[in-house]
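# Examination of the molecular architecture
Each chain is listed here by its residues.
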Amino acid sequence: LKSLCTQGKRFQHALSLQLDYYMSPQFAGVASALVNDSYASKGINISFLPTCPVGEEQANVRKHQDANPSDVTMGTVEQNIFSPTLAANPGLKTTAVAAMFAKSPLCIASLEDPSKGTLKIGTHEDTVDLMKRIFPAHDVVASARATKNTDLKSGNVGAIQAYTTTEVPCLRRELGHDPVVTPLEGLNGTKLGYSQVVFAAYECLEGDKRAVVQAFCEATFEGWGQAIRNPEQAAEMVREAKKMLGLDDESNDHWYPSADFEVEMLQKCNDYVKGTFEGDRYGVINSSNWNAANDWLLKGNCDKNFGFDPNAWQPPKNLLSGNNLANKILDDARSSAILFEETYGR
């Protein structure tokens, strides 16, 4: 990061960030870095682009970078959106560098067991095709993100696209009991990959701009480290960041108005972030995991490390990545247990 400093003084490099959702606990690392002036201390003058419609994050980053070629433009989005979108439109020229969540918290929430009949599943516009692939026997329709819990409770749909970090704890409070939750990762071989992938316009990974991208990652994942150590304080940081940015919660119905809800959300997010730790840092994308998800998402029609820079945010090579090895062993054991249950019924 030395290129951000000259003669002991830090220049402020302009960086614009496109979040794929409103400021919330799933961006606690960003909120912590923002409120604590960590970005500024690392030479970054950060600004936030307006919240955009689902699925348009990469297009917005490309549009902003083209209009501001001397700046750095970055964004966040799930791998199950990022890779298919880039494959369909290579002209977006966006590259993943890191990820906040090691796995996708995507699930469907319902009031009845989806295995007992056909359900109408309400999902975001950008995941309709994905959901149809995972649930071919169900009726998958596009529905509004802001009213999803109400649509479920009123019977307009039988299930909704949800996140274990957000809608599920909200529904538990509203219903007085847990909804039926069907996680998507691993279901019938589904591989969604990383969530809250941090990406940049590809030209921002060249020359001096590459150090700006790395400085952003450093500040953000130091922020996540603070959130993991003190989730209550991190929840306060998120509330303060929302005030600073004006990126509100769109008056949606899957946000429960209580401090304990926000802390629970944050703790659930922290658990996903912990899975990205390798060597000496959070946020690391493992190439094998990235490629395995891409292979499923793109049905094998992609090159190795498609859409990913495997060197931008990685630990030193002399550090053992024990965390990733342990995760792989656990995943293999889980898959073996599921196969045994399906084969022998116990």
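In the block above lies the structure referred to throughout.
Our subject in this report is the structure included herewith. Within each chain, residues carry numbers counting from 1 in the order of the written sequence. Residue-level local features of this predicted model are given only where pLDDT is at least 70; pairs of side-chain atoms are given and counted only at 80 or more, and the full residue set underlies all totals for whole chains, interfaces and linings. Remark: hydrogens and water are excluded; side-chain values derive from all non-hydrogen atoms of the structure.

### A short note on the pairing of strand β8 (residues 120-123)
Going by this rule: Here, strands pair whenever DSSP counts at least two bridges between them. Numbering goes from the N terminus for both helices and strands, where a helix is a DSSP run of H or I of at least four residues and a strand is a run of E of at least two. When the strands point away from the viewer, a crossover counts as right-handed if the route from the first strand across the helix to the second turns clockwise.
Sheet analysis places β8 next to strand β9 (residues 139-142), joined by four bridges and oriented parallel. Along β9, the bridge assignment pairs glycine 122 with valine 141. Between the parallel elements β8 and β9, the chain passes through helix α5 (residues 128-134) in a crossover that is right-handed. Bridge count for β8 against strand β10 (residues 159-163) is two bridges, and the pairing is parallel. In the strand pairing of β10, isoleucine 121 is matched with alanine 159.

### Re the pairing of strand β7 (residues 106-110)
Note the following rule: Note on exposure labels: buried denotes an accessible area under 20% of the residue type's maximum, exposed denotes more than 50%, and partly exposed covers the range between, all computed with a 1.4 Å probe on protein chains only.
With respect to burial, β7 is a largely interior element, five of its five residues being buried. Residues Leu106, Ile108 and Ser110 line one face of β7 and the alternating positions Cys107 and Ala109 line the opposite face, and both faces are buried. Across five bridges, the pairing between β7 and β10 is antiparallel. Bridge pairing in β10 places alanine 109 opposite isoleucine 160. By the bridge criterion, four bridges tie β7 to strand β11 (residues 180-183) in an arrangement that is antiparallel. Bridge pairing in β11 places isoleucine 108 opposite threonine 182.

### Digging into the side chain of serine 16
Counted only if it meets this: Note on definitions: a residue-residue contact is assigned when non-hydrogen atoms from the two residues lie within 4.5 Å.
Looking at the secondary structure, you find serine 16 in strand β3 (residues 13-18). Beyond its immediate sequence surroundings of up to four residues, serine 16 is in contact with Ser47, Leu49, His64, Val72, Thr73 and Met74.

### A short note on the nonpolar core
Filter applied, for reference: The term nonpolar core refers to a set of buried residues drawn from Ala, Val, Leu, Ile, Met, Phe, Trp, Tyr and Cys, joined through side-chain atoms within 4.5 Å.
Residues Met74 and Phe216 are the most contacted members of the largest nonpolar core, which totals 64 residues. Looking at this core, the element that brings in the most residues is helix α8 (residues 209-229), giving ten residues. Setting aside its immediate chain neighbours within four residues, phenylalanine 216 contacts Leu15, Leu17, Tyr39, Ile44, Ile46, Met74 and Val198. Judged by nonpolar contacts, the second largest core, of 17 residues, contains Leu130, Val140, Ala159 and Leu192.

### Some details on the packing of aromatic side chains
Rules: Pairing of aromatic side chains requires ring centres within 6.5 Å, counting the rings of Phe and Tyr and the six-membered ring of Trp. Pairs whose planes differ by under 30 degrees are stacked, by over 60 edge-to-face, and all others tilted. Only when the NZ of Lys or the CZ of Arg is both within 6 Å of the ring centre and within 35 degrees of the ring normal is a charge said to sit over the ring.
Taken as a whole and judged by the stated rule, the model has ten aromatic pairs. Centre to centre, the rings of tryptophan 255 and phenylalanine 261 are 5.9 Å apart; their planes meet at 80 degrees, and the pair counts as edge-to-face. Note on accessibility: tryptophan 255 and phenylalanine 261 belong to one class, buried. Ring pairs connect the aromatic residues Phe82, Phe199, Trp290 and Phe308, which therefore count as one cluster. Just above the ring of tryptophan 296 sits the side chain of arginine 133; from NZ or CZ to the centre is 3.7 Å. Here the guanidinium or amino end of lysine 242 rests over the ring plane of tryptophan 255, the centre of that ring lying 4.6 Å away.

### Looking at unusual backbone geometry
In this structure, aspartate 37 is a non-glycine residue whose phi angle is positive, near 60 degrees. If you trace the backbone, aspartate 37 turns up in the loop between α1 (28-35) and α2 (38-41). Positive phi is not limited to glycine here, since lysine 93 has a value of about 45 degrees. Mapped onto the fold, lysine 93 is located in the loop between α4 (79-88) and β6 (94-101). Lysine 93 sits in the partly exposed class, given a relative accessible area of 41%.

### Focus: the environment of aspartate 37
Since its relative accessible area comes to 51%, aspartate 37 is described here as exposed. Sequence-wise, aspartate 37 and valine 61 are 24 residues apart; in three dimensions their C-alpha atoms are separated by 23 Å.

### Quick look at the environment of isoleucine 81
Among the structural elements, isoleucine 81 can be located in helix α4. Isoleucine 81 gets classed as buried once you look at its relative accessible area, which sits at 6%. Among all residues touching isoleucine 81, those that are not within four sequence positions of it are Gly55, Gln58, Asp126 and Thr127.

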